[in-house]
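Remarks on the overall topology
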Amino acid sequence: MADRKRKKGYWQGARKRRRMCLEIGMKGVLVTCNKNEKACIREAYNLLNEYADELHGPEITASDSGSEPEGEDIEAALAKEVAQMKNKAGKNKRRFQAMDSGANNVIFIQSQLESPDKLVHHILDDINTSKKFKTRNVLRMIPVMSACKAYLENVKKSAEEMFPKFFSVSDNPSYAIVFKTRNNGTMKRDEVIPALAGVVSEVNPACRVNLNEPDLAIVIEVIRNVCCMSVLKDYFNLKKYNIHSIVEGTKDDPKPREVKGQEPPKGDLEMENKAVVHEGQGDVTVQESKVEVEAASENLGDRHEDVVDNDVISQG
């Protein structure tokens, strides 16, 4: 009997652990770090909660909502209790919850906020103004506005739902597409980029590619079988959302270049740029030239992750 209870408890715990990971339909923030993931999670919680309190007020937990003020009448108390029972499934969800992303040194923090991109932009804009370090282990904070299956059809469908909000006819914003994969060998850059550029053209044909200073950056982060998508502003002005680069004033990774066969944008472009991205137990060196990208992959830790960093990108 005791053995059965232990086995039952083990499998219940295993099911619970499996649920605490990046899944389809979630919103939140991808946080990258160097090795110390526990410290990174703690710092990310502090940073997100500090600025979320400024924008949205303090978080209301289940215990806070359950307290009854003195003098409250019976009808109001019953109405509150009924509302709490209806929302029972979601009452224990916190505003921010760290989850396994499926890649080393990348943490996904699920958020109950409708627009995590606005919160992250507010954080980075304030850090850019103050030039003060508020984290030691957190490197990048990339908002995740949509998470879908890592298949081209699903990515296009998600883009068709998201893009009309950003590529309006009145603004005609310029754009660039940034693509990166981790632990996935099916999503190909040369397939995803033209598909997304086609969706933008369908939404607003007046939008044009700008590889130097785009108004918006379409950021695609593929981790295993999940594709995270966001449309971000000031992506290159804020050093690709890299906190350390913002404070130190250094250049982050090279800006995206044109795909081979595409006409280069106007403006002077350096023939060769080199950058080292510190986002794992091993360093991934990205070397780009004007018409080609050479991505290096290394085994990272025990999971032997194949990281392909293709920060390139756009289709006209």
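This is a predicted model, so every value here is computed, not measured.

1. Section: the overall build of the protein chain
Scanning the protein chain from N- to C-terminus turns up 8 helices and 13 strands. Residue burial in the protein chain is summarised as follows: out of 316 residues, 46% are buried. Relative to all contacts within the protein chain whose residues are 6 or more apart in sequence, the contacts with residues 24 or more apart total 72%.

2. Quick word on the state of the cysteines
Disulfides are covalent bonds that link the sulfur atoms of two cysteine residues. Scanning the model with the defined rule gives 0 disulfides in all. The thiol of Cys40 is unpaired, and the distance to the nearest cysteine sulfur, on Cys33, comes to 4.1 Å. In this structure Cys228 is not part of a disulfide, and its nearest cysteine sulfur, from Cys227, lies 6.8 Å away.

3. Observations concerning the confidence of the model for the protein chain
When pLDDT is averaged along the protein chain, the result is 77; 66% of the residues meet or exceed 70. Note that residues 259-316 has pLDDT below 50 and, in this model, 157 contacts with residues that lie over four places away or in other chains.

4. Considerations on the environment of Leu124
Mapped onto the elements of the fold, Leu124 is located in helix H5 (residues 116-130). For the pair Leu124 and Ile243, spaced 119 residues apart in sequence, the C-alpha separation works out to 7.0 Å. Discounting chain neighbours no more than four positions away, the residues touching Leu124 are Leu238, Tyr241, Ile243 and Ile246.

5. Side note on the packing of helix H2 (residues 37-56) against H5
Packed helix pairs are characterised by how far apart their axes lie and by the angle those axes make with each other. Two elements in contact, H2 and H5, have axes separated by 10 Å at closest approach and are oriented at 105°. Here H2 is positioned roughly perpendicular relative to H5, judged by the angle of their axes. Contacts between H2 and H5 involve Leu47, Leu48, Tyr51, Ala52, Glu54 and Leu55 on the former and, on the latter, Leu119, His122, Ile123 and Asp126. Here the residues of the contact of H2 with H5 sort into 7 nonpolar, 1 polar and 2 charged.

What counts and how
- Residues numbered from 1 in each chain as written.
- Predicted model: local features only at pLDDT ≥ 70, side-chain atom pairs only at ≥ 80, totals over all residues.
- Heavy atoms only, no water.
- Helix = DSSP H or I, 4+ residues; strand = E, 2+ residues; numbered from the N terminus.
- Buried < 20%, exposed > 50% of the residue type's maximum accessible area, 1.4 Å probe, protein only.
- Contact = heavy atoms within 4.5 Å.
- Disulfide = S-S within 2.5 Å.
- pLDDT = per-residue confidence, 0-100.
- Axes fitted to C-alpha atoms, helices over the stretch in contact; angles between N-to-C directions.
- Parallel < 35°, antiparallel > 145°, perpendicular 65-115°, else oblique.
- Nonpolar A, V, L, I, M, F, W, Y, C, P; charged D, E, K, R; others polar.

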